[in-house]
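Coordinate inspection notes
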Amino acid sequence: MKKTIITLVSIILGGIALDQLTKILVLKLMHLGQSIELIPGVFNITYIQNEGAAFGMLSEHRWIFMITSTVAIIGIGIYLFGFCRERMTLKVGLAMIISGGVGNMIDRTAYGFVVDMIDFRMLDFWKWIFNVADALVCIGAGVVILALILDIAKESKEKKQKNENKQ
């Protein structure tokens, strides 16, 4: 149990540290709107400021979003460390979501905006620039969904075996 808590706290703090380090580097070394091409036609580092939620949504309602985000982060944290008895996969996904949420909340509180810089250009339909925290939230949500699908499949298999044993 103690090892699990250390692992989850390490994921949260490590994710926050990586997110903040990348943002500090961008703030110190780039000017707003600057773009550095790393892989031609595929990947750039482009410094923008996002005043809203993911992909710039809700920029006019910053405080509502901050309150909602804070409540969600606290709720997920309480569930993760107080009640979650599920497989480690689910816990890791939740820890990643908390990490990304806190990383972006630090920006919103300190600067009034979120520093974004990861700019994939390979896909024509992809127009958004994001950051490490955004990636942690999205990947963490994917891991949570995967964990829930695995749990549903496991329960279904156990139910089927239980019904076969009754016959």
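Refer to the structure above for everything that follows.
Structure report, in brief. (Residues numbered from 1 in each chain as written. Predicted model: local features only at pLDDT ≥ 70, side-chain atom pairs only at ≥ 80, totals over all residues. Heavy atoms only, no water.)

Structural notes on the overall build of the protein chain
The helix and strand tally for the protein chain stands at 4 helices and 3 strands. Mapped in sequence order, the helices and strands of the protein chain form the string α-β-β-α-α-β-α. Across its three principal directions, the C-alpha atoms of the protein chain cover 70 × 35 × 30 Å. Here the protein chain holds 167 residues, and the buried ones make up 35% of them. Partitioning the intrachain contacts of the protein chain with sequence separation of at least 6 by distance along the chain shows that 66% fall at a separation of at least 24. Element-wise, carbon and sulfur atoms account for 68% of the exposed surface of the protein chain, whose accessible area totals about 10400 Å². Across the protein chain, the 17 positively charged side chains and the 14 negatively charged ones have centroids separated by 12 Å. (Helix = DSSP H or I, 4+ residues; strand = E, 2+ residues; numbered from the N terminus. Buried < 20%, exposed > 50% of the residue type's maximum accessible area, 1.4 Å probe, protein only. Contact = heavy atoms within 4.5 Å. Areas by Shrake-Rupley, 256 points an atom, 1.4 Å probe, with all protein chains shown as cover. Lys, Arg positive; Asp, Glu negative; His and termini not counted. Charge placed at Lys NZ, Arg CZ, Asp CG, Glu CD.)

Some points on the pairing of strand β1 (residues 35-39)
Judged from the 4 bridges that link them, β1 and strand β2 (residues 43-50) form a sheet pairing that is antiparallel. Within the sheet, the bridge partner assigned to I39 lies in β2 and is F43. Counting the residues that bridge the hairpin from β1 to β2 gives 3 residues, and of these G41 lies at a positive phi of roughly 75°. (Pairing = 2+ DSSP bridges.)

Looking at the sheet that holds β1
Pairing in this open sheet of 3 strands is antiparallel, and the strands run β1-β2-β3 from one edge to the other. What marks the edges here is a single partner per strand, and that holds for β1 and β3 (114-120). If you compare each strand with its neighbour and ignore which way they point, the axes differ by 30° on average. (Axes fitted to C-alpha atoms, helices over the stretch in contact; angles between N-to-C directions.)

Remarks on the pairing of β3
When you tally the buried positions in β3, you get 6 out of 7 residues, the bulk of the element. Pairing of β2 with β3, which is carried by 6 bridges, proceeds in the antiparallel orientation. Residue pairing for β3: I48 is matched across the bridge by D116.

Observations regarding a nonpolar patch on the surface
Together, M1, I5, V9, L13 and F81 make up a nonpolar patch on the protein surface, roughly 470 Å² of accessible area in all. Of all the elements, helix α1 (residues 2-29) adds the most residues to the nonpolar patch, at 3 residues. Here V9 is to be found in helix α1. Note on V9: relative accessible area 33%, which makes it partly exposed. (Patch = residues over 30% accessible without salt bridge, like charges linked within 9 Å, V, L, I, M, F, W, Y side chains within 5 Å. Salt bridge = Lys/Arg side-chain N within 4 Å of Asp/Glu carboxyl O.)

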